[in-house]
Each structure stands twice: as structure tokens, then as C-alpha cells.
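Spelled out from the first residue to the last, the chains are:
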Amino acid sequence: MSELENPQDPAFTVHLNGSGGTIKGWVVVDSLYDGLAMGGTRMTTGVTEEEVAGLARDMTQKFTLAGLPIGGAKAGIVSDGSDREETFRTFGRTVKPLLFGGIHLGIDMGVTPADRAVFFDEAGYDPRYRLGAPDMPVDWRTYYEPLIDCTGHGVGVAAVTALEASGRTGPARVVVQGFGAVGRAVARFLEERGHTVVGVADVQGTISAERLPVAELVAITDEFGRIDRTRLPQDVTVSGGPDAWLDVDADLLVLAAQKYALGAENAHRLRARLVVEGANLASSAEAKEKVRAAGATLVPGVIANIGGAASAALAVTRVVPFDLAADARKAWVFDWVGDRVRQNTRDLLEIAAAGAGDPLPELLTARRKDRR
Ligand SMILES: NC(=O)c1ccc[n+]([C@@H]2O[C@H](COP(=O)([O-])OP(=O)(O)OC[C@H]3O[C@@H](n4cnc5c(N)ncnc54)[C@H](O)[C@@H]3O)[C@@H](O)[C@H]2O)c1
């Protein structure tokens with residue numbers, strides 16, 4: 001078993017021009033572990049090679065921190081999503097040798113499970129079967145789709161662990177920026193554990209109250225994470241101001257929307273003492289520095305939001321016990337993710353307490369040694 005993780009450059013980058021059609025994009029394989037790597041496919045009009053490389057590096061870090069025997073990769077397609085059937089058929093033909101060569105590509109922003117089914121189909125790729133690995137007894141969607149809340153579960157575990165480590169015993173006031181698959185699951189997780197959601201934000205703005213009823217908000221939210229403003233509960237405040245979620249008085253801020261939501265230009269408005277990243281690259285390096293300088297704590301996405309990636313990696317590497325019945329298998333995956341997130345959060349905070357600067361590189365070095 002060998003790990004070819006280069007601290008500087010990706011293992012390799014493939015420029016996609018298309019096969020039997022035209023597309024523009026990249027697959028960046030940041031690292032390989034025993035010839036395997038995986039990551040999602042992002043499709044936006046503005047995606048760049050640099051962005052894909054950053055996300056692939058994030059995947060390497062997530063798997064290293066979680067101790068999963070697989071490297072990090074990511075794909076990006078530059079498209080507005082019109083003519084998506086043709087785009088994903090072309091993508092499937094183009095990345096076929098990668099899929100069969102141990103580079104598993106899943107979904108990310110702008111790509112749906114239906115799109116994934118199209119490119120898997122076009123490539124003739126079925127992750128149930130891989131040379132040298134036991135067959136998966138269930139198909140991919142049957143395994144993966146019940147695990148939709150797994151990322152939110154892990155983000156919630158990171159938040160609760162960090163709140164406990166800060167000595168808090170009572171309920172925390174929570175703001176969740178982004179009310180999509182991740183944001184909704186985190187809000188439910190924290191409310192179920194006695195915390196109070198005082199603010200949520202979607203792309204249209206921020207909704208706040210002394211206590212927001214999470215289930216009621218979930219019921220009026222569409223599949224894109226947009227909350228219907230015509231059906232809001234009573235006594236809530238609605239603000240369309242820029243990044244108004246930063247102005248809500250809270251103990252905990254969960255970032256579960258777009259990348260660089262917290263940046264150099266708005267980090268000074270942060271009121272919460274704890275920030276947990278549910279999204280990838282949710283805060284810029286400058287923002288992280290400002291948060292640290294202000295004495296607040298930030299748990300990065302590579303620790304907190306591994307749920308979706310880890311669920312997929314556990315299946316690709318056949319670590320998950322497939323002999324368990326569906327409910328027990330789901331509980332096993334959630335517990336596995338929760339345990340890793342809890343341990344990494346505790347260890348990160350311990351390193352942070354012992355010295356100044358970013359504690360993540362030291363934790364990564366320790367986990368790399370554990371994995372060899
Ligand atoms: N779904 C997963 O398992 C998973 C895993 C790891 C990381 N992520 C990342 O986490 C983030 C959220 O994922 P998701 O699956 O919940 O996405 P989603 O598309 O379901 O929801 C995104 C939410 O963010 C909101 N939003 C978008 N731009 C915003 C803005 N400028 N201000 C406030 N809110 C804004 C949207 O309205 C929506 O409520 C994404 O960046 C995604 O790449 C997701």
C-alpha cells in the first residue's frame with residue numbers, strides 16, 4: 001500500500017475537451033492511495049482548474065483526517081447546465097478510462113443524482129464492481145441516497161463537540177447560513193439536542209427570531225434550499241441585507257452555503273465565538289486568520305463536513321459492512337462519521353489550545369503518520 005501524496009502538486013490533472021462531443025473541464029487527482037482516488041463533479045459557469053484543484057486537495061485532507069484508504073480527486077465542468085443530458089453523456093465517454101482506472105467521480109454543486117446516473121450509464125461504469133475488490137451487494141443509489149443527512153450529522157457532531165470543549169453546558173444560540181441539504185440537517189440535529197436556532201439564511205436573505213421552528217421552516221423550503229417568504233411563521237424578522245446572517249447575535253455560526261461566505265471583507269462582523277464549516281472552502285485563509293485573531297474558534301470543513309464524501313469512500317473501499325440490513329448499515333455509517341469528526345474536532349482544539357497559528361497542518365501531519 002503506498003500513498004503518493006505530494007504536498008505541492010496534484011498527482012495528475014486531466015484537461016477535458018470531450019469525446020464524441022465537446023465539453024470544457026478538468027479532473028484533478030490530488031493524491032492516490034493504492035491506485036484509488038475519489039471526489040465529486042462540480043458544474044458551474046465559472047468553475048476553474050484552480051478551484052477544482054483546491055477542492056481535490058480538500059478531499060485528500062478529508063480522507064487523510066478520517067483515515068480512509070483512498071486519495072482525493074475532483075472534477076469540474078464549465079457549463080450553465082443547458083443541454084445537460086448531452087453534456088453528461090460526453091462527460092461519461094471522456095472520463096470512462098478514469099472511472100475504470102480507480103478514479104470514482106460523484107456529485108457536487110450543480111450536478112444531481114440523475115446526472116450521475118447519465119454519466120455512469122454512458123461510461124458503462126457501475127461502482128458495485130471493481131477488479132480486485134468484492135462486489136457491492138446493493139446498487140449505488142440504494143446505498144447512498146438514505147445517507148443524504150450524513151454531512152449535516154457530522155457538522156452537527158463537530159459543533160456539539162466544540163461547544164462542549166468550550167465548557168458550555170446550556171443551549172447555544174445558532175445561526176445556519178445556507179438551508180439546503182446540509183443546513184437543514186444541521187439545524188434539525190442541533191435543535192434535537194436542545195440548542196436554539198435563532199437565524200437561518202438562504203440565497204434570498206436572512207430570517208431570524210428568538211427561536212425559529214426548524215420543522216416549520218423545512219416544510220416551506222424547496223429542493224434548492226429556498227425558503228418560501230409568503231408562508232413564514234409569525235414573529236420572524238426578515239432581512240435582505242448583505243450577509244445579514246453575520247449580524248444575528250449567536251454563539252455558533254454554521255456555514256453551509258457558498259464558498260468564501262466568510263472573507264476578509266466581512267469577517268470583522270462575526271459575533272459568534274464558534275464557526276463550523278459545513279460547506280467546502282466556506283471561509284478564506286484571511287477570514288480564518290481574522291477569526292483566530294479575534295479569539296474565536298473555527299472548525300474547518302475538512303474535519304466537519306466529511307459525511308457525504310466518507311459515506312461514498314466507505315463503499316468504494318468496501319470498508320462498510322454490507323451484510324448489515326439497510327437501517328443498521330445507515331446507523332453504522334453515521335456512527336463511523338460521528339466518531340471520526342468528534343475525534344478530529346477534539347484533537348484540533350487541543351492543538352489550537354497549545355499554540356498560536358493554524359492547528360490544521362499539525363493535525364494533518366499526525367494523521368498522515370497514522371495512515372502509513
Ligand atoms: N451535500 C453534501 O453532502 C455536501 C458535503 C460536503 C460539502 N457540501 C457543500 O456544502 C454546501 C451546501 O451544500 P448543500 O448540499 O446543502 O447545497 P444546497 O444547494 O442544497 O443548498 C445551498 C443553500 O445555500 C443557500 N445559499 C446559496 N448562496 C447563498 C448566499 N450567498 N447566502 C446565503 N445562502 C446562500 C441556498 O439558498 C441554499 O439554501 C455546498 O457548498 C456544498 O458543496 C455539501
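Calculation notes
Residues numbered from 1 in each chain as written. Predicted model: local features only at pLDDT ≥ 70, side-chain atom pairs only at ≥ 80, totals over all residues. Near = placed C-beta within 6 Å. Helix = DSSP H or I, 4+ residues; strand = E, 2+ residues; numbered from the N terminus. Nonpolar A, V, L, I, M, F, W, Y, C, P; charged D, E, K, R; others polar. Pairing = 2+ DSSP bridges. Axes fitted to C-alpha atoms, helices over the stretch in contact; angles between N-to-C directions. Contact = placed C-beta atoms within 7 Å. Domains from an automatic or database assignment. Core = buried A, V, L, I, M, F, W, Y, C linked by C-beta atoms within 7 Å. Buried ≥ 20, exposed ≤ 12 C-beta atoms within 10 Å, placed from the backbone.

### Topic: the site of the ligand
Link 1 in the chain: In the vicinity of the ligand, 23 residues are found, and the nearest of them are Gly178, Gly180, Gly225, Ala257 and Gly308.
Link 2 in the chain: Contributions of two or more residues to the shell around the ligand are made by α6 (181-192) and β7 (196-202).
Link 3 in the chain: Residue contributions to the shell around the ligand peak at three residues, all from α6.
Link 4 in the chain: Looking at the shell around the ligand residue by residue, the classes come out as nine nonpolar, eleven polar and three charged.

### Quick word on the sheet that holds β7
By way of backbone hydrogen bonds, the strands of a sheet pair with one another, either parallel or antiparallel.
Link 1 in the chain: Pairing in this open sheet of seven strands is mixed, and the strands run β9-β8-β7-β6-β10-β11-β12 from one edge to the other. Strand pairing shows two members of the sheet lacking a second neighbour, β9 (237-239) and β12 (297-299), which therefore form its edges. The sheet shows a mean angle of 15° between the axes of neighbouring strands, direction not considered.
Link 2 in the chain: When strand β8 (residues 205-208) meets β9, the two strands line up antiparallel, connected through three bridges. The residue bridging Ser208 from the neighbouring strand is Thr237, located in β9.
Link 3 in the chain: Sitting on the sheet, α6 is in contact with β6 (173-177), β7 and β10 (252-255), with an inclination near 175° to β7.

### Side note on the domain arrangement of the chain
Link 1 in the chain: Domain annotation of the chain identifies domain 1 (12-125) and domain 2 (150-307 + 338-371).
Link 2 in the chain: Summarising the inter-unit geometry, the C-alpha centres of domain 1 and domain 2 are found 27 Å apart.
Link 3 in the chain: Counting residues at the interface gives nine residues for domain 1, matched by 13 residues for domain 2.
Link 4 in the chain: Here the side of domain 1 that touches domain 2 is built from residues that sort into three nonpolar, four polar and two charged.

### A short note on the nonpolar core
Link 1 in the chain: Judged by nonpolar contacts, the single largest core of 114 residues is most densely connected at Leu252, Val254 and Val276.
Link 2 in the chain: At eight residues, helix α5 (residues 150-165) tops the list of elements feeding residues into this core.
Link 3 in the chain: When residues are assigned to domains, this core turns out to be shared by domain 1 (12-125) and domain 2 (150-307 + 338-371), each giving three or more.

### Some remarks on the sheet that holds strand β5 (residues 103-107)
Link 1 in the chain: Taken in spatial order, the five strands make up an open sheet running β1-β2-β4-β3-β5, and their pairing is mixed. Strands at the two margins of the open sheet, each flanked by one partner only, are β1 (12-16) and β5. For this sheet the average axis-to-axis angle between neighbouring strands, irrespective of direction, equals 20°.
Link 2 in the chain: Contacts from helix α1 (residues 49-66) reach β1, β2 (25-29), β3 (37-44) and β4 (71-78) within the one sheet, and its direction differs from that of β4 by about 155°.
Link 3 in the chain: Sitting on the sheet, helix α2 (residues 84-100) touches β1, β2, β4 and β5, and the angle it makes with β5 is about 150°.

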